[in-house]
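What follows is the residue order along each chain.
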Amino acid sequence: MSTATATRTDMLREASLTICGRREGKTQSCNSCLRKADAALRLAKGPDLGTRLLPRVADIVCGSDGSPCGNCWDKATTLILEARG
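Analysis parameters
- Sequence positions are assigned chain by chain, starting from 1 and proceeding in written order.
- Residues qualify for local features only when their pLDDT is at least 70, as the model is predicted, and side-chain atom pairs are given and counted only at 80 or more; totals for whole chains, interfaces and linings, by contrast, use all residues.
- Side-chain descriptors were evaluated using all non-hydrogen atoms of the structure, hydrogens and water having been removed beforehand.
- Only runs of H or I of at least four residues qualify as helices and only runs of E of at least two qualify as strands under DSSP, and these elements are numbered from the N terminus.
- Using C-alpha atoms as the atom set, the radius of gyration is obtained and then compared with a globule rule of 2.2 Å times the number of residues to the power 0.38.
- Structural elements are reduced to axes, namely lines fitted to C-alpha atoms, with helices fitted over the stretch in contact, and the angle between N-to-C directions of any two is expressed from 0 to 180 degrees.
- If you view the pair so one helix is near and one far, a crossing is left-handed when the near helix is turned anticlockwise from the far one by less than a right angle, and right-handed when it is turned clockwise.
- Between two residues, a contact is recorded if the distance between any of their heavy atoms is within 4.5 Å.
- In this classification, the charged set is Asp, Glu, Lys and Arg, the nonpolar set is Ala, Val, Leu, Ile, Met, Phe, Trp, Tyr, Cys and Pro, and all remaining amino acids, among them Gly, are polar.
- Per-residue accessibility, obtained with a 1.4 Å probe over protein chains only, is compared with the maximum for each type, and a residue is labelled buried under 20%, exposed over 50%, and partly exposed between these values.
- Think of it as the arc spanned by the lines of direction from the helix axis to the C-beta atoms.

1. Regarding the overall build of the protein chain
Across its full length, the protein chain holds four helices and zero strands. Put simply, the protein chain runs from its N terminus to its C terminus through helices and strands in the order α-α-α-α. What you see for the protein chain is a C-alpha radius of gyration of 12 Å, in line with the 12 Å of a compact globule of 85 residues. Taken along its principal axes, the extent of the C-alpha atoms in the protein chain is 35 × 30 × 20 Å.

Here it is in structure tokens:
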């Protein structure tokens, strides 16, 4: 496995755990959160969308249609900060 693949895999695992809800002893997310992580990471690592980036990632995380909950806003913020490092 290449370093780039391992890095992408690690990033997806970490992002999906953030989306699913981190807690002690939890090592995997559900499949739904893993799918969300892929879309959220692509967006977060893509071109800067200015003030539109956070709401779009939060919407993906929450699965809402333009009105993500407060918890998902926090998760989206964490994902963006981690992805943009």
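The rest of the description comes next.
2. Considerations on the packing of helix α3 (residues 53-62) against helix α4 (residues 70-84)
Describing two packed helices takes the angle between their axes plus the distance from one axis to the other. It is the contact of α3 with α4, at a shortest axis distance of 8 Å, that shows an interaxial angle of 115°. Between α3 and α4 lies a crossing of right-handed hand. In contact with Leu-53, Leu-54, Pro-55, Val-57, Ala-58, Val-61 and Cys-62 of α3, α4 contributes Cys-72, Trp-73, Lys-75, Ala-76, Thr-77, Leu-79, Ile-80 and Arg-84. The residue makeup of the contact of α3 with α4, split by class, is 12 nonpolar, one polar and two charged.

3. Quick look at α3
Residues Leu-53, Val-57, Ala-58 and Val-61 constitute the buried set of α3. Down the axis of α3, the smallest arc covering the buried residues is 120°, so these residues share one side.

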